[in-house]
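Take a look at the letters that make up each chain.
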Amino acid sequence: MSSKLDQLLARLCPDGVEFMPLLEVADVLYGFPCDASLFNADGKGMPLVRIRDVPVGRTSTYTTEAVSEEYFISSGDLLVGMDGNFHVAVWKSRSGVLCQRVCRISSKNQKLLLNGFLAHILGPIIKKIEDGKNSGTVKHLLARDLASIRLPVPPLEVQNEIVRILDKFTELTAELTAELTARRKQYEYYRDLLLSFDNRDDRGGIIF
């Protein structure tokens, strides 16, 4: 029996899916060249979002620099680190200032391209670009790399179904990871408890 997605593709995309240039369907905001001398860890000013903050989705660095609101990002924005490892992640923390070498990518028109679909599809594409860079130097994601990207843009019904499926997998993966972490801690607890017992018998031999 075919899945709902198979049925949608057969009905809505009988001749395949259209590919469109990223910059035609999405806006790219490049981070502000922040002054490092105005950074602090005391909570003064606005949270600052740098490359290292992208994969973890939070920051402990702030800036007191006056930065235009056009560089402010919000929870739910799709961010891409542009140096080293090109991490692609949805920002999950409070609003902050987007710092240089991080960019935000967002759909120009939600009736054509869903941000949720963009978040799922862009990661593998950016990873392919990263893998194609010279590994002997620090890798840089360039504006021309982003300009070269062409995205599959299926009809909205198809995008919605893909997002639903992938969001469910993401949710299940998070649940499994949490369960495995809890089981590992439980195992370590009982292992350490066993090892803390007196492990010698009355004749001086080792017992387990």
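*Asks:* Now, about the nonpolar core: what can you tell me, with residues and values included?
*Replies:* Residues I105, L118, L122 and L151 are the most contacted members of the largest nonpolar core, which totals 23 residues. Broken down by secondary-structure element, the contributors of at least two residues to this core are α2 (22-25), β7 (78-81), β10 (102-107) and α3 (115-131). If you tally residues by element for this core, the top one is α3, at 5 residues. Those residues in contact with L118, other than ones at most four positions away along the chain, are L22, A26, L78, I105, S106, S107, L113 and L151. If you look at the next biggest cluster of nonpolar residues, it comprises 16 residues, including F32, L48, V49 and I73.

*Asks:* Tell me about the pattern of salt bridges, and name the residues and values.
*Replies:* Under the criterion given, the structure shown has 9 salt bridges. Residue K4 is joined to E161 by a salt bridge in which the shortest nitrogen-to-oxygen separation is 3.9 Å. With a gap of 157 residues between them, K4 in helix α1 (residues 4-12) and E161 in helix α5 (residues 156-196) connect regions that are remote in the sequence. Of the residues examined, K4 reaches a relative accessible area of 52% and is grouped as exposed. E157 is the salt-bridge partner of R11, the closest N and O atoms lying 3.4 Å from each other. Taken together, the positions of R11 in helix α1 and E157 in helix α5 put the pair 146 residues apart, joining distant regions of the chain.

*Asks:* Residue-level account of the side chain of D77, with values.
*Replies:* For D77, the position within the fold is in the loop between β6 (72-73) and β7. Polar side-chain contacts of D77 include one of 2.8 Å to the backbone nitrogen of S74.

Definitions and limits used
- Residues numbered from 1 in each chain as written.
- Predicted model: local features only at pLDDT ≥ 70, side-chain atom pairs only at ≥ 80, totals over all residues.
- Heavy atoms only, no water.
- Core = buried A, V, L, I, M, F, W, Y, C linked by side-chain atoms within 4.5 Å.
- Buried < 20%, exposed > 50% of the residue type's maximum accessible area, 1.4 Å probe, protein only.
- Helix = DSSP H or I, 4+ residues; strand = E, 2+ residues; numbered from the N terminus.
- Contact = heavy atoms within 4.5 Å.
- Salt bridge = Lys/Arg side-chain N within 4 Å of Asp/Glu carboxyl O.
- Polar contact = N/O pair within 3.5 Å; in protein donor to acceptor, adjacent residues only side chain to side chain.

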